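# Topology and contacts: notes
Chain by chain, the residues run as shown.
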Amino acid sequence: MSKTVLVTGGLGYIGSHAATLLLENGYNVIIVDNLSNSQKEILSGIEKISGKKRIVYFTDLKDTGATEKIFDENRIDAVMHFAAYKAVGESVENPLMYY
C-alpha cells in the first residue's frame, strides 16, 4: 500500500514539482491550494506528466473547519508544506497578512 502525502501549496511552483515527483515515485498525493499564488490550470500539467488524477481541495489552511475535513476524509501519512506568502515587498506593505 502506498503512502499518502498531503502537499499544501501543491499548485504553486515548488509544490507542483514536489507533487509530480511524489506521484512519479508511487505516492498518493492530496493537494491543498487556495490559488492565491497559483493557478488551477497547473493541475492538468501535474496529471498529464504523472498520468494520474489527484484529490484536490481548493481551500485556505487558515479555514480550520475545511482543514479538519481534509484530515477527516483522508488517511494522511505525511505533509509537505509549501503554502506561504513569499513576496518581500508585499510583506512590508501588508505585514499582518504575513503574521
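Scroll up a little and you will see the structure.
The structure presented is a predicted model; accordingly, all values stated were derived computationally and were not measured.

### As for the pattern of salt bridges
Within this structure, the stated rule accounts for three salt bridges. For the salt bridge of K69 with E73, the shortest nitrogen-to-oxygen distance reads 3.6 Å. Pair noted here: K69 and E73 are both in helix α3 (residues 64-73), with a separation of four residues, about one helical turn. With a closest N to O distance of 2.8 Å, R75 and D77 form a salt bridge. The class of D77 is partly exposed, set by a relative accessible area of 30%.

### Some thoughts on the nonpolar core
With eleven residues, the main nonpolar core is built from V5, V7, L11, A19, L22, L23, V29, I31, L43, I46 and V56. Counting only elements with at least two residues in this core, the list comes to β1 (4-8), α1 (13-24), β2 (28-32) and α2 (42-50). The biggest single contributor to this core is α1, with three residues. Apart from residues lying up to four places away in sequence, I31 is in contact with V7, G10, L11, A19, L43, I46, I55, V56 and Y57. With six residues, the next largest nonpolar core counts I30, V32, Y57 and I76 among its residues.

### Topic: the packing of α1 against α2
Between α1 and α2, the least distance of the axes is 9 Å, while the angle of their chain directions is 25 degrees. One finds that α1 runs roughly parallel with respect to α2. Like other packed secondary-structure pairs, α1 and α2 cross with a definite hand, here right-handed. Contact residues: α1 offers S16, A19, T20, L23 and E24, while α2 offers I42, I46, I49 and S50. Here the residues of the contact of α1 with α2 sort into five nonpolar, three polar and one charged.

The rules we used
- Residues numbered from 1 in each chain as written.
- Predicted model: local features only at pLDDT ≥ 70, side-chain atom pairs only at ≥ 80, totals over all residues.
- Heavy atoms only, no water.
- Salt bridge = Lys/Arg side-chain N within 4 Å of Asp/Glu carboxyl O.
- Helix = DSSP H or I, 4+ residues; strand = E, 2+ residues; numbered from the N terminus.
- Buried < 20%, exposed > 50% of the residue type's maximum accessible area, 1.4 Å probe, protein only.
- Core = buried A, V, L, I, M, F, W, Y, C linked by side-chain atoms within 4.5 Å.
- Contact = heavy atoms within 4.5 Å.
- Axes fitted to C-alpha atoms, helices over the stretch in contact; angles between N-to-C directions.
- Parallel < 35°, antiparallel > 145°, perpendicular 65-115°, else oblique.
- Left-handed = near helix turned anticlockwise from the far one by under 90°.
- Nonpolar A, V, L, I, M, F, W, Y, C, P; charged D, E, K, R; others polar.

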